[in-house]
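# Per-entry structural report
Residues per chain are reported as follows:
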Amino acid sequence: MTSFDDELSRRNFVKLLGASMALAGLDGCSRMPGEKILPYVHQPRELTPGIATHYATAMMLDGFATGLVVESHEGRPTKIEGNPDHPASLGAAGIFEQASLLQLYDSNRASAVRSAHAPTGWEAFSEAFSPRALRNHVGGHGAGLALLLEATSSSVIADMIATLKGLYPEAGIHYYSPLARTEASIPQYDIRAANVILAIESDFLAAGPMQLRMSREFSDRRREPSADMNRLYAIESAVTVTGSSADHRFRCRPSMIQPVLAELYSLLGDASVPAQRAAERSYGGITSSALRVIAADLSRHKGQCLVIAGERQPPSVHALVAAINEQLGNTGRTVWRIRSPLLGAGDGSFSIEALAGRLRDGAVDTLICIGGNPSYNTPGPLQFDGAFRKVRNTAYVGLYENETGQNAKWLVPAAHYLETWGDGRAYDGTLSVVQPLVQPLNGGKSAVEILAAVCGVEKSPLALLRESLGRTGLVGETAWTDAVRRGFVVGAAAPRIQGPTIVVPTAAAPEKTDHIDVTFAADSRTHDGSFANNGWLQELPDPVTKLTWDNAAHLSPATAARLLVGSGDTVLVRTPASSIRLPVLIVAGHADDSVTVHFGYGRRGAERLAAGVGTDVFPMWPATGAFVSSASVDRAVDAGQHTFAITQSHWKMDGREQAKSETLRSYNARQATFKPDDHPPPSLFKGEPPPAAVKQWAMTIDLGLCTGCSACVVACQSENNIPVVGKEDVEKSREMQWLRIDRYQDGTEENPEFIAQPMLCQQCERAPCEYVCPVGATDHSPDGLNEMVYNRCVGTRFCSNNCPYKVRRFNWFDYNAEISETEKMAKNPDVTVRERGVMEKCTFCVQRIREKEISAEVAGTPFLGSSVVTACQQACPTRAITFGSLTEPESEVMRQREGPRAYNVLDELGTRPRVRYLSRIRNANPALDTEQ
């Protein structure tokens with residue numbers, strides 16, 4: 001007979017057994033990691049049912065870590081935010097980090113170990129790839145063994161690789177992520193110290209491993225319009241978020257970038273040249289005159305300026321940029337270098353090209369591929385997929401049964417980063433800890449577990465991680481708890497190093513040719529295809545084109561006219577590698593004689609959402625991995641018209657564009673005579689004055705800081721349980737996002753000026769929607785919120801028709817009924833999940849307001865409006881959104897609302913919105929006002 005001690009009574013055992021059965025019914029989704037399971041016998045002190053807990057962790061992308069804080073409800077992750085203390089995020093969260101939550105619960109994830117397309121188990125895999133079994137095929141020194149891993153900066157993986165090389169000294173180790181940086185040293189930037197910035201084909205405000213930090217540092221110098229504002233120039237071929245945010249943007253054909261930089265380098269080398277009217281050259285969208293003005297501006301700020309080249313520019317461009325920064329005295333001040341933390345960086349023997357060569361030579365008997373998707377995302381000329389199929393024994397470890405997984409002899413489900421322990425380095429070298437929040441939902445295995453099995457090491461990932469971090473000398477026993485709590489090791493950034501010797505290439509302007517430059521670019525939503533099965537991201541409008549569920553060949557209006565094509569027509573793009581067909585999308589501001597194509601589409605794996613979406617452009621990517629190539633583009637006469645799901649014109653406010661922009665000079669002149677307007681426009685609607693003792697919520701959005709990156713849109717979708725509707729319904733204007741980014745442009749099609757404006761429910765004090773609802777479903781709360789009572793709504797849609805801002809969304813179908821049980825686990829339990837037939841819209845995250853209100857009441861402390869942070873505000877990398885109460889005169893939201901830049905959208909209607917915008921201020925160079 002079993003005995004029970006006092007610590008675990010018979011009664012408590014029955015309780016635990018019942019709870020375990022309930023959890024088993026949910027596929028274990030609500031369980032904490034194995035290392036934290038036992039405290040559930042006695043409820044952890046930090047856990048209160050209904051009260052969220054937060055854990056620090058980090059997400060790896062292209063080998064670099066971004067620090068995060070994950071909200072968890074009873075062991076179920078429900079929201080991802082940035083870690084305020086982590087140097088790579090500073091509290092912000094990008095779209096990939098936030099949408100990775102949906103990836104955790106994706107029902108399309110690989111769910112079982114299989115061998116030769118037959119289900120098996122982890123034990124069978126461990127036995128088949130154990131040292132004893134492998135040596136029979138790969139030899140005693142492992143000459144026939146090869147491992148391919150995603151780009152990584154993990155210390156524990158590095159230690160496991162060292163262990164494996166000890167067992168198999170001749171084994172080949174390779175790393176590959178198509179968009180990862182592979183050079184031995186990488187540049188670091190101090191955006192805060194730069195008064196003038198020149199971005200060369202660089203989207204540093206919206207892409208790259210440090211874009212959240214760089215966005216914050218850039219915006220901090222523009223928060224208050226003054227003489228201290230920085231100035232941004234951008235030279236680029238395709239329109240980017242950074243180019244749209246620039247004070248001066250110049251389009252330039254990709255093959256002209258090096259000649260442009262060569263002339264700039266020459267101008268900076270001779271102080272007298274900028275003042276001269278030397279020989280005039282035109283590089284498509286930028287002239288020698290404009291370059292002289294830019295050179296003069298940079299020269300005036302030597303040591304306090306910065307030139308940034310895009311990560312994927314060729315070495316010759318990076319060499320010229322390094323030489324220019326050296327000329328300007330920026331090296332060591334606004335730019336310096338560190339040794340890349342990526343394993344194998346700078347060593348070609350670790351490359352995918354080296355592995356492809358070994359596969360073609362038949363030198364590999366066993367290939368273990370951990371993560372990534374090389375059968376899909378390698379350059380077409382490498383013919384990796386065909387060579388992979390010919391290997392006798394292949395294993396793939398991945399989240400999905402994608403193209404590589406389908407071709408592998410063995411498939412092992414991979415653990416999501418929220419399901420396993422690990423580590424990695426941020427772009428600045430900061431050591432970051434990856435902490436799990438749940439046990440693997442599908443029995444997934446991490447890269448560390450796979451390597452441990454291959455090496456015959458019987459230790460848990462946590463034990464191996466602690467040993468590895470201990471060997472770094474940075475994380476001893478006493479520092480371990482602090483590192484896990486913070487999510488990173490304080491002061492662990494990489495030291496500065498001496499950069500490589502700069503060899504300045506010479507470049508003359510190329511002769512006119514009849515070819516077109518093709519640029520291969522990461523997609524803003526699917527990246528390299530890793531997020532192609534993520535509905536939040538597929539339905540997220542591209543920040544520039546507002547395209548969803550698709551990719552296209554981007555052409556300038558002039559080039560499209562020359563080719564006799566329009567948007568929706570199909571073109572045949574030929575490169576030396578291959579040719580593909582793509583639908584055309586005409587983009588104002590795009591460089592002439594060039595085409596931009598994006599990775600991440602045309603998927604052929606088992607992912608349901610990704611299948612059949614867009615076109616795969618990897619087959620025509622050059623074998624060298626160069627991101628610019630020559631091409632010919634011709635109209636495909638036998639193709640029909642392609643239909644795009646573009647949201648740009650779905651919610652137009654009758655052409656009444658309300659995104660305001662002005663130059664710093666005009667703002668200073670206007671500010672001198674500014675007087676606050678105490679007389680709001682008259683309104684046809686009457687309303688009761690708000691109660692004086694109740695908080696009155698309001699928001700301001702600074703258009704001078706907003707880049708249009710869309711982090712706020714995904715944050716709102718995650719926080720408020722907003723469903724995905726699919727391409728067909730997006731085409732019918734039925735997308736459900738409560739927050740959209742309107743994008744306006746002024747000027748010519750060749751050189752437009754862009755401005756982004758987030759548009760959400762304006763929470764009008766005189767709300768037109770409230771007066772037309774026949775059932776009183778839309779109502780006004782005492783604290784100034786325009787509320788929706790879902791169980792009253794009968795779906796007349798009168799409120800939407802009467803909303804001048806077009807921010808209300810009607811739930812045409814029961815979209816939530818179509819998602820899987822695991823995907824339902826991503827829902828925020830604090831927010832109602834709406835059903836079919838109701839109207840919904842932004843609520844200023846009322847659930848967060850009430851939570852802070854109740855917490856203050858329970859604690860007996862004053863309830864401050866500044867304690868409430870909305871989801872969009874929290875995610876914003878530039879802190880463009882401010883939220884607070886109008887009853888607090890000293891609050892930041894009040895200060896901004898009363899300033900000279902504040903205005904209401906469609907103010908003439910008298911709706912008196914609680915959302916106010918701050919006009920965008922461009923720090924334009926007066927010498928360039930007429931240059932473009």
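Residues numbered from 1 in each chain as written. Predicted model: local features only at pLDDT ≥ 70, side-chain atom pairs only at ≥ 80, totals over all residues. Heavy atoms only, no water.

## Quick look at the overall build of the protein chain
- Across its full length, the protein chain holds 27 helices and 38 strands.
- If you line up the protein chain on its principal axes, its C-alpha atoms span 85 × 80 × 60 Å.
- The buried share among the 932 residues of the protein chain stands at 59%.
- For the protein chain, the proportion of contacts with a sequence separation of at least 24, taken over those separated by at least 6, is 75%.
- Put simply, the protein chain has 93 plus and 104 minus side-chain charges, and the middle of one group is 1 Å from the middle of the other. (Helix = DSSP H or I, 4+ residues; strand = E, 2+ residues; numbered from the N terminus. Buried < 20%, exposed > 50% of the residue type's maximum accessible area, 1.4 Å probe, protein only. Contact = heavy atoms within 4.5 Å. Lys, Arg positive; Asp, Glu negative; His and termini not counted. Charge placed at Lys NZ, Arg CZ, Asp CG, Glu CD.)

## Considerations on the packing of helix α5 (residues 155-167) against helix α16 (residues 461-471)
- At a closest axis distance of 8 Å, the pairing of α5 and α16 adopts a crossing angle of 95°. Regarding the angle of α5 to α16, the classification is roughly perpendicular. Residues Ser-155, Val-156, Asp-159 and Met-160 of α5 form the contact with α16, whose own contacting residues are Leu-464, Leu-465, Ser-468, Leu-469 and Arg-471.
- In the contact of α5 with α16, the residues fall into five nonpolar, two polar and two charged. (Axes fitted to C-alpha atoms, helices over the stretch in contact; angles between N-to-C directions. Parallel < 35°, antiparallel > 145°, perpendicular 65-115°, else oblique. Nonpolar A, V, L, I, M, F, W, Y, C, P; charged D, E, K, R; others polar.)

## As for the side chain of His-73
- Tracing the sequence through the fold places His-73 in strand β2 (residues 64-73).
- Contacts of His-73, omitting those with residues within four sequence positions, involve Gly-50, Ala-52, Thr-78, Asn-828, Pro-829 and Asp-830.

## Thoughts on α5
- In this model α5 runs 19 Å from its N-terminal to its C-terminal C-alpha over 13 residues, within 8% of the 18 Å that 1.5 Å per residue would give.
- For α5, every residue scored as buried is listed here: Ser-155, Val-156, Ile-157, Met-160, Ile-161 and Leu-164.
- Close packing links the buried residues of α5 with β6 (145-149), β7 (172-175), β17 (422-425), β18 (431-434), α15 (447-455) and α16.
- Its side-chain oxygen at 3.4 Å from the backbone nitrogen of Val-156, Ser-154 defines the N-terminal cap of α5. (Expected span 1.5 Å × (residues − 1). Polar contact = N/O pair within 3.5 Å; in protein donor to acceptor, adjacent residues only side chain to side chain.)

## Focus: the sheet that holds strand β37 (residues 915-918)
- Ordered by their spatial adjacency, four strands build an open sheet running β35-β28-β37-β36, and the pairing between neighbours is mixed. Looking at which strands have only one partner, the edges of the open sheet turn out to be β35 (881-885) and β36 (902-903).
- For strand β28 (residues 697-702) and β37, the ladder comprises four bridges, and the chain directions are parallel. Residue pairing for β37: Asp-702 is matched across the bridge by Leu-918. (Pairing = 2+ DSSP bridges.)

## Remarks on the pattern of salt bridges
- This structure, assessed with the given rule, holds 48 salt bridges.
- Two residues, Glu-127 and Arg-132, come together in a salt bridge whose shortest N-O distance is 1.8 Å.
- Owing to a relative accessible area of 56%, Arg-132 belongs among the exposed residues under this scheme.
- Here Asp-783 makes a salt bridge to Arg-850, at a shortest N to O gap of 3.0 Å. Pair noted here: Asp-783 is in the loop between β31 (778-780) and β32 (786-788) and Arg-850 is in helix α25 (residues 846-859), with a separation of 67 residues, a long-range link.
- With relative accessibility at 6%, the residue Asp-783 sits in the buried group. (Salt bridge = Lys/Arg side-chain N within 4 Å of Asp/Glu carboxyl O.)

## What to know about the pairing of strand β22 (residues 570-574)
- With respect to burial, β22 is a largely interior element, four of its five residues being buried.
- For β22 and strand β23 (residues 579-586), the ladder comprises five bridges, and the chain directions are antiparallel. Paired with Val-573 across the strands is Ile-580, a residue of β23.
- Joining the antiparallel neighbours β22 and β23 is a turn of four residues.
- Pairing of β22 with strand β25 (residues 628-635), which is carried by four bridges, proceeds in the antiparallel orientation. Within β25, the position partnered with Arg-574 by the bridge is Ser-632.

## Focus on the side chain of Arg-525
- Relative to the helices and strands, Arg-525 resides in the loop between β19 (516-521) and α18 (535-538).
- In this structure the side chain of Arg-525 is engaged in a polar contact, spanning 3.4 Å, whose partner is the backbone oxygen of Asp-550.

## A few points about the pairing of strand β29 (residues 740-747)
- For β29 and strand β30 (residues 752-759), the ladder comprises eight bridges, and the chain directions are antiparallel. The residue bridging Gln-745 from the neighbouring strand is Phe-754, located in β30.
- Between the end of β29 and the start of β30, which pair antiparallel, lie four residues.

## Let's talk about the nonpolar core
- Core analysis: the largest hydrophobic core is formed by 85 residues, its most contacted members being Met-699, Leu-760, Phe-844 and Tyr-917.
- Apart from the residues within four sequence positions on either side, Phe-844 is in contact with Trp-697, Ala-698, Met-699, Leu-760, Cys-761, Gln-763, Leu-785, Ile-849, Thr-870, Phe-883, Arg-914 and Val-915. (Core = buried A, V, L, I, M, F, W, Y, C linked by side-chain atoms within 4.5 Å.)

## So, helix α4 (residues 131-138)
- The complete set of buried residues in α4 reads Pro-131, Ala-133, Leu-134 and Val-138. On an axial view of α4, the arc spanned by its buried residues comes to 155°, and they lie on one face. In α4, those exposed residues whose orientation departs by more than 90 degrees from the buried face are Arg-132 and Asn-136.
- As for α4, its buried residues are in contact with α3 (122-128), β6, β14 (366-370) and α15.
- Of the residues flanking the end of α4, it is Gly-139, one or two places downstream, whose phi is positive at about 85°. (Arc of directions from axis to C-beta.)

## Describing the sheet that holds strand β3 (residues 76-82)
- One open sheet holds the three strands; their spatial order is β1-β2-β3, and the pairing between them is antiparallel. Across the chains shown, the open sheet's two edge strands, defined by having one partner strand only, are β1 (53-61) and β3. In this sheet, neighbouring strand axes are inclined to one another by 40° on average, regardless of whether the strands run parallel or antiparallel.
- With nine bridges connecting them, β1 and β2 associate as antiparallel partners. Bridge pairing in β2 links Thr-57 to Leu-68.

## Description of the state of the cysteines
- Summed over the entire model, instances satisfying the criterion amount to zero disulfides.
- The closest cysteine sulfur to the non-disulfide-bonded Cys-716 is located on Cys-842, 6.2 Å from its own sulfur.
- Lacking any disulfide linkage, Cys-842 is separated from the closest cysteine sulfur, that of Cys-761, by 5.9 Å. (Disulfide = S-S within 2.5 Å.)

## Thoughts on the packing of helix α8 (residues 257-269) against helix α10 (residues 315-327)
- Interhelical geometry of α8 versus α10 gives an angle of 20° and a closest axis separation of 10 Å. Judged on the interaxial angle alone, α10 and α8 are roughly parallel. Relative to α10, α8 is oriented so that their crossing is left-handed. Touching Ile-257, Gln-258, Leu-261, Ala-262, Leu-264, Tyr-265, Leu-268 and Gly-269 of α8 are Ser-316, Val-317, Leu-320, Val-321, Ala-323, Ile-324 and Gln-327, all from α10.
- A breakdown of the residues in the contact of α8 with α10 according to their chemical character gives eleven nonpolar, four polar and no charged. (Left-handed = near helix turned anticlockwise from the far one by under 90°.)

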